[in-house]
Amino acid sequence: MKHIALVDCNNFYVSCERVFDARLRGRPVVVLSNNDGCVVARSEEAKALGIEMGAPAFQCEALFRRHGVETYSSNYELYGDMSRRVMDTLSRFASEMEVYSIDESFLALDSADSESAARHAREIRRVVRKWTGIPVSIGIAPTKTLAKVANGAAKRDRALRGVLAVRPGEPLDRLLGDLDVEKVWGIGAARTRLLRAHGLTTARHLRNAPDRWVRKHLTVTGLRTAYELRGIPCLPLGTAPAPKKNIASSRSFSRPVTAPGELKEAVACYVSRAAEKLRSQGSVCGVVEVSIQTSPFKSPYYAPSGKTTLPVATSFTPALVGHACGILERLYRPGHAYIKAGCVLSRLVACGNAQLSLFEDETDRRKHEALMETVDDLNRRLGSDTVFLSSAGTTRPWQTRREKKSPSYTTDWGELFTVAAR
């Protein structure tokens, strides 16, 4: 019998920090967003202090000092690499796997019954912790939506020791009756308001609602959710993520930027990152869009954007940066203090499906592809930005502030974790 397991890393960003700093275990820890602005991850100890997700860091400074809360800037290089290690480990335990997010993955478990599936999950949990240092919780059920429900219960109830396998019956009925309808996977704010207006306040209410009513008010996607809550699979595992239709890259600056040279560096940097993602999914883009903006809290507010259609779709970074900087020249106005810039690559198609130009030199195109493949390989093996365009700047004083970032222990040769014997 096939069971669906949702494996979710516990407080993932915090857990990554704890892998390399044992003194953080048992202490309140939070990780902050770009420019150290808001709380985006909390340890259980930090949650117990009442620190809310998304809380502005400056409003919590007194509480942080009073309770000795350890604060960290987001270390995306470390978190991305640790995620890869966790997912590589999980892939050994299932023939089918869907990586749902940086810290979540669905697995298909071939087990005779829920008890054997739970034993399998406990072994997965043990190996992931041993090989990567990351604690995980695992929910097991006949469907993906119920696996999400089971995973949430496995996280909340310590008596379950991180694993819960559910099947249709009284225990699941109680679990769904205690779960607010807004916490059901796929039920957003608008649907929650509609359901509550009709007296459907729990997951059990939604599960038991008549098919005709659900389809009328929540469309066929809502009906699939109701079926999934009944244990009827409607959402198959996606073993390969669908290619993105747009790729965006944007950041707020650590300080206002007025110089056009610095603004150009930032745009070149963001386009380079987007181009790398573009190539990683085997695509080329036909449209480049650039946006810049000043603070909405200061007058005059200026937030223009512009786009250009490329003569030939490409993923060649120098070409994309050239087009983006051309757009920026049209958008830039002196006398403004810019706080953010970004780019969007759109009209994406697979490399082999791109319309070629009669006037394009095939030899040059192949050279460009080989060059980008070499650059991407070097940056994967030796760390991000090992090789980059000079137009993206070397000092980057505008770069997002991460004053409390831990070392990139696994992705930067200069910051590798060291062990000393005395």
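Quick note: structure is the one above.
The structure displayed is predicted, hence computed values, not measured ones. The residue count restarts for each chain, going from 1 along the sequence in the order it is written. Whole-chain, interface and lining totals are the exception, using all residues; otherwise, since this is a predicted model, local features are given only for residues with pLDDT of at least 70 and side-chain atom pairs are given and counted only at 80 or more. Each side-chain value is derived from all of the structure's non-hydrogen atoms; neither hydrogens nor water enter the calculation.

Undergrad: Go over the nonpolar core with me, naming the residues and quoting the values.
TA: The set of buried Ala, Val, Leu, Ile, Met, Phe, Trp, Tyr and Cys residues whose side-chain atoms join them within 4.5 Å is what this entry labels a nonpolar core. Between buried and exposed lies partly exposed: a residue is buried under 20% and exposed over 50% of the maximum accessible area for its type, with that area taken using a 1.4 Å probe on protein chains only. Residues Phe12, Leu90, Leu107, Ile124, Ile138 and Ile140 are the most contacted members of the largest nonpolar core, which totals 36 residues. Counting from the N terminus, the helices are the DSSP runs of H or I reaching at least four residues and the strands are the DSSP runs of E reaching at least two. Within the residue set of this core, elements represented by two or more residues are strand E1 (2-9), helix H1 (12-20), strand E2 (29-32), helix H4 (76-90), strand E6 (104-110), helix H5 (114-132) and strand E7 (136-141).

Undergrad: Residue-level account of the packing of aromatic side chains, with values.
TA: Pairing of aromatic rings covers Phe, Tyr and the six-membered ring of Trp, with a centre-to-centre limit of 6.5 Å; geometry is then stacked below 30 degrees between planes, edge-to-face above 60, and tilted otherwise. Per the counting criterion, the structure on display carries 10 aromatic pairs. Judged by centre distance (5.8 Å) and plane angle (70°), the ring pair of Tyr100 and Phe106 falls under edge-to-face. Judged by its relative accessible area of 36%, Tyr100 is partly exposed. Following the ring pairs from residue to residue traces out a cluster consisting of Phe12, Tyr13 and Tyr79. Above the plane of the ring of Phe106 lies Lys144, whose end atom (NZ or CZ) is 4.8 Å from the centre. Our definition puts a charge over a ring when NZ of Lys or CZ of Arg is within 6 Å of the ring centre and also within 35 degrees of the ring normal.

Undergrad: Outline the side chain of Thr89, listing residues and values.
TA: Within the fold, Thr89 resides in helix H4. The contact rule is simple, with two residues in contact once any of their heavy atoms fall within 4.5 Å. Beyond its immediate stretch of four places on either side in the chain, Thr89 contacts Val127, Val128, Trp131 and Thr132.

Undergrad: Can you explain the sheet that holds E2? Please cite residues and give values.
TA: Two strands form a pair only when DSSP identifies at least two bridges running between them. Strand order across the open sheet formed by 3 strands is E3-E2-E4, with mixed pairing between neighbours. Among the strands making up the open sheet, the edge pair consists of strand E3 (39-42) and strand E4 (70-73). Strand-to-strand twist across the sheet, computed as the mean angle between neighbouring axes with direction ignored, equals 30°. Helix axes use the C-alpha atoms of the stretch in contact, all axes being lines fitted to C-alpha atoms, and the angles between their N-to-C directions lie in the range 0 to 180 degrees. Each of E2, E3 and E4 touches H1; the most contacted strand, E2, lies at about 115° to it.

Undergrad: Which residues make up the environment of Gly322, and what are the values?
TA: Position of Gly322 among the secondary structure elements: in helix H12 (residues 317-331). According to the relative accessible area criterion, Gly322 is partly exposed, its value standing at 43%. With 23 residues separating them in the primary sequence, Gly322 and Ser299 have C-alpha atoms 31 Å apart.

Undergrad: Can you lay out the pattern of salt bridges for me, pointing to particular residues and giving the numbers?
TA: Note on definitions: salt bridges are taken to be side-chain nitrogens of Lys or Arg within 4 Å of carboxyl oxygens of Asp or Glu. A full pass over the atoms with the stated rule returns 24 salt bridges. Salt-bridge contacts for Arg84 lead to Asp81; the nearest nitrogen and oxygen are separated by 3.0 Å. Of the two residues, Arg84 and Asp81 both sit in helix H4, 3 residues apart, roughly one turn of that helix. Judged by its relative accessible area of 42%, Arg84 is partly exposed. Between Arg365 and Glu369 there is a salt bridge; the shortest N-O distance is 2.8 Å. Of this pair, Arg365 and Glu369 both sit in helix H13 (residues 362-382), separated by 4 residues, roughly a single helical turn. Residue Arg365 is classed as partly exposed on the basis of its relative accessible area, which comes to 22%.

Undergrad: Run through the sheet that holds strand E9 (residues 247-257), naming residues and quoting values.
TA: Spatial strand order, E9-E12-E10-E11: 4 strands in an open sheet with antiparallel pairing. At either margin of the open sheet sits one strand with a lone partner, and together these are E9 and strand E11 (305-314). Across this sheet, the average inter-strand angle for adjacent strands is 15°, counted without regard to direction. Bridge analysis of E9 against strand E12 (residues 338-350) gives 7 bridges, and the strand direction is antiparallel. Within E12, the position partnered with Ser252 by the bridge is Lys340. The strands that helix H11 (residues 260-280) touches are E9, strand E10 (283-294), E11 and E12; relative to E9, the one it contacts most, it runs at about 155°.

Undergrad: So what's going on with the packing of H4 against H5? Residues and values would help.
TA: Running from amino to carboxyl end, H4 crosses H5 at an angle of 140°, the nearest separation of the two axes being 10 Å. As summarised for this structure, H4 and H5 are arranged oblique, according to the angle between their axes. Handedness of the crossing formed by H4 with H5: right-handed. Residues Met82, Arg85, Val86, Thr89 and Leu90 of H4 form the contact with H5, whose own contacting residues are Ile124, Val127, Val128, Trp131 and Thr132. To sort the angles, those under 35 degrees are grouped as roughly parallel, those over 145 as roughly antiparallel, those from 65 to 115 as roughly perpendicular, and the leftovers as oblique. Less than a right angle of anticlockwise turn of the near helix away from the far helix marks a crossing as left-handed, whereas a clockwise turn marks it as right-handed.

Everything listed here is a matter of geometry and, on its own, says nothing about what the molecule does.
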